[in-house]
Structure formats: structure tokens, C-alpha cells
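# Reading the structure
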Amino acid sequence: IFAYGQTGAGKTHTMEGRPENPGLNARTLGLLFDLSKERAADWNFEIDMSLLEIYNETIADLLATEPLSSKLSVKRGEHGNYVPGLTRVTVTS
């Protein structure tokens, strides 16, 4: 999921939302969890996620538990763009 726009335009609200009106992140994960339950008899699913922010051309790893020793950068690979060293976590609920 990618959000782009001016400061104050509502990107964080769109992505995060509120408990009574969840944003894109929570709704998308909810749909993925529902789909994985529906197809559990035929498939095994593992849902991983990363969360980053690009501000002033600097990438911040929003899930990192400790400061990174080097700058992160976007790379182009065989299967699309990726960020080497970005924290990746498995989510279950």
C-alpha cells in the first residue's frame, strides 16, 4: 500500500484510521486474514509485512526496534522494488 501527498493531506488518517473507522492498513490485513481462513483447508498462508516512511528522500523503517547502522535505499529486483535490510514481521491478527 502506498500513500503520497502533501503534509497535512490526510495520509496517516487514510492508512491508520481510528478504532471506529479503521484505515487501509487494518482493513487490508483483515481481508487477507479472512481469505486465509476461507482457504485454510487447501492452502497454508503466512502474512508478512514491513512499514516504511520516505520523508525528504530518507527512508525510515517504522518497525525497527533499534537504530539502523546504514541508510536504507530502494532497489529494483527481478520481482519489483524492495528495500534491503527493512524489518519484516509475520502478522497473525
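Predicted model, so just to flag it, every value in this text is computed and none were measured. (Residues numbered from 1 in each chain as written. Predicted model: local features only at pLDDT ≥ 70, side-chain atom pairs only at ≥ 80, totals over all residues. Heavy atoms only, no water.)

### Considerations on the overall build of the chain
What counts here: The helix count covers DSSP runs of H or I at least four residues long, the strand count covers runs of E at least two residues long, and both are numbered beginning at the N terminus. We compute the radius of gyration over the C-alpha atoms and compare it with the globule rule, which gives 2.2 Å times the number of residues raised to the power 0.38. Should any heavy atoms of two residues lie within 4.5 Å, those residues are considered in contact. All accessibility values rest on the Shrake-Rupley procedure with a 1.4 Å probe; residue burial counts only the protein chains present in the view. Positive charges come from Lys and Arg, negative ones from Asp and Glu, while His and the chain ends are left out of the count. The location of each charge is read from NZ of Lys, CZ of Arg, CG of Asp or CD of Glu.
A count of helical and extended segments in the chain gives 2 helices and 8 strands. When its helices and strands are written in sequence order, the chain yields α-β-β-α-β-β-β-β-β-β. Whereas a compact globule of 93 residues would reach a radius of gyration of roughly 12 Å, the chain reaches 15 Å, over 25% beyond that. Once the C-alpha set of the chain is aligned to its principal axes, its extents read approximately 45 × 35 × 25 Å. In the chain, the proportion of contacts linking residues at least 24 apart, taken out of those at least 6 apart, comes to 34%. When the accessible surface of the chain is totalled, it reaches about 8,000 Å², and 50% of it is carbon and sulfur. A gap of 6 Å separates the mean positions of the 9 positive and 12 negative side-chain charges of the chain.

### Things to note about the pattern of salt bridges
Convention followed: Salt bridge, as applied in this entry: a Lys or Arg side-chain nitrogen positioned within 4 Å of an Asp or Glu carboxyl oxygen. Note on classification: 1.4 Å probe, protein chains only; a residue is buried when its accessible area is under 20% of the maximum for its type, exposed when over 50%, partly exposed between these limits.
Under the criterion given, the structure shown has 1 salt bridge. The salt bridge partner of Asp 48 is Arg 88, with a shortest N-O separation of 3.2 Å. Pair noted here: Asp 48 is in strand E3 (residues 47–49) and Arg 88 is in the loop between strand E7 (80–82) and strand E8 (89–91), with a separation of 40 residues, a long-range link. Looking at Asp 48, the relative accessible area reads 27%, which means it is partly exposed.

### Things to note about the pairing of strand E4 (residues 52–55)
Under the convention used in this document: In this description, strands pair whenever DSSP reports at least two bridges between them.
When E4 meets strand E5 (residues 58–61), the two strands line up antiparallel, connected through 4 bridges. What sits directly across from Leu 52, in E5, is Asp 61. The hairpin formed by E4 and E5 contains 2 residues between the paired strands, and Asn 56 there has a positive phi angle of roughly 50°.

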